[in-house]
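The lines below spell out each chain.
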Amino acid sequence: MRARGAYFLSKLQALKQRWKVIGDVSGIGLALRIELCESDGYTPSRKLADRVFNEGLKGDLMADGKRHGLVLDIGGYYKNVITLAPSLLITEAEIDLGINLLDQLLTRCGAE
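Fair warning: this is a prediction, and the values are worked out from it, not measured in the lab.

> Describe in detail the overall build of the protein, supporting the description with residues and values.
A tally of helices and strands in the protein yields three helices and six strands. Shown N-terminal to C-terminal, the secondary structure of the protein runs as helices and strands in the order α-β-β-α-β-β-β-β-α. Relative to the globule expectation of 13 Å for 112 residues, the C-alpha radius of gyration of the protein, 13 Å, shows essentially globular dimensions. Relative to its full complement of 112 residues, the protein shows a buried share of 39%. Taking all contacts inside the protein whose residues are at least 6 apart in sequence as the whole, residues at least 24 apart take part in 59%. Carbon and sulfur atoms make up 53% of the accessible area of the protein, which totals about 6500 Å². When the 15 basic and 14 acidic side-chain charges of the protein are each reduced to a single mean position, those positions are 1 Å apart.

> So what about unusual backbone geometry? Which residues, and what values?
The backbone of Asp-64 shows a phi angle near 55°, a positive value even though the residue is not glycine. Tracing the sequence through the fold places Asp-64 in the loop between strand 3 (61-63) and strand 4 (66-68). With a relative accessible area of 77%, Asp-64 lands in the exposed category. Positive phi values are uncommon outside glycine, yet Lys-79 reaches one of about 55°. With respect to the helices and strands, Lys-79 occurs in the loop between strand 5 (73-75) and strand 6 (81-84).

> Got a sec to walk through the side chain of Glu-55? Specific residues and values, please.
Along the chain, the position of Glu-55 falls in helix 2 (residues 46-57). Contacts of Glu-55, omitting those with residues within four sequence positions, involve Asp-60, Leu-105, Arg-108 and Cys-109.

> Hey, could you go over helix 1 (residues 2-18) for me, with residue numbers and the actual values?
Relative to the 24 Å expected for 17 residues at 1.5 Å per residue, helix 1 spans 25 Å between its end C-alpha atoms, a close match to the ideal helical length. Those residues of helix 1 not exposed but buried are Gly-5, Tyr-7, Phe-8, Leu-9, Leu-12 and Leu-15. Buried residues belonging to helix 1 abut strand 1 (22-28), strand 2 (31-36), strand 6 and helix 3 (92-108).

> Before we move on, could you go through the pattern of salt bridges and cite the residues and values that matter?
In this structure the tally under the stated criterion is seven salt bridges. Residue Arg-18 pairs with Asp-103 through a salt bridge whose shortest N-O separation is 3.3 Å. Placement of the pair is Arg-18 in helix 1 and Asp-103 in helix 3, with a sequence separation of 85 residues. Among the salt bridges present, the one from Asp-50 reaches Arg-46, with a minimum N-O distance of 3.9 Å. Note that Asp-50 and Arg-46 are positioned in helix 2 at a spacing of four residues, about one turn of the helix.

Procedures and definitions
Residues numbered from 1 in each chain as written. Predicted model: local features only at pLDDT ≥ 70, side-chain atom pairs only at ≥ 80, totals over all residues. Heavy atoms only, no water. Helix = DSSP H or I, 4+ residues; strand = E, 2+ residues; numbered from the N terminus. Rg over C-alpha atoms; globule rule 2.2 N^0.38 Å. Buried < 20%, exposed > 50% of the residue type's maximum accessible area, 1.4 Å probe, protein only. Contact = heavy atoms within 4.5 Å. Areas by Shrake-Rupley, 256 points an atom, 1.4 Å probe, with all protein chains shown as cover. Lys, Arg positive; Asp, Glu negative; His and termini not counted. Charge placed at Lys NZ, Arg CZ, Asp CG, Glu CD. Expected span 1.5 Å × (residues − 1). Salt bridge = Lys/Arg side-chain N within 4 Å of Asp/Glu carboxyl O.

Rendered as structure tokens:
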């Protein structure tokens, strides 16, 4: 579990490097969080979190020729934090799929 958590966190950190709107990623084991911000990487963006949440529910993200949805838990004081708590049995392939889907959502929502 510790190794999968470290793998997931490293993938989230790589996603943060790509997207200015990801202000912080952190976690312990498989309990992870992603803070969504304005393009300054600091100011909380509930608007972006709402867009990402709603787009994920549509179920029309494509990966490996299949349609996927992504149900996200949004929280935090400003309602701009995605909380991830996957199954303890999650595989690296499933983590990669989740990162791919998050990346697609950020692209679709016009994140910078």
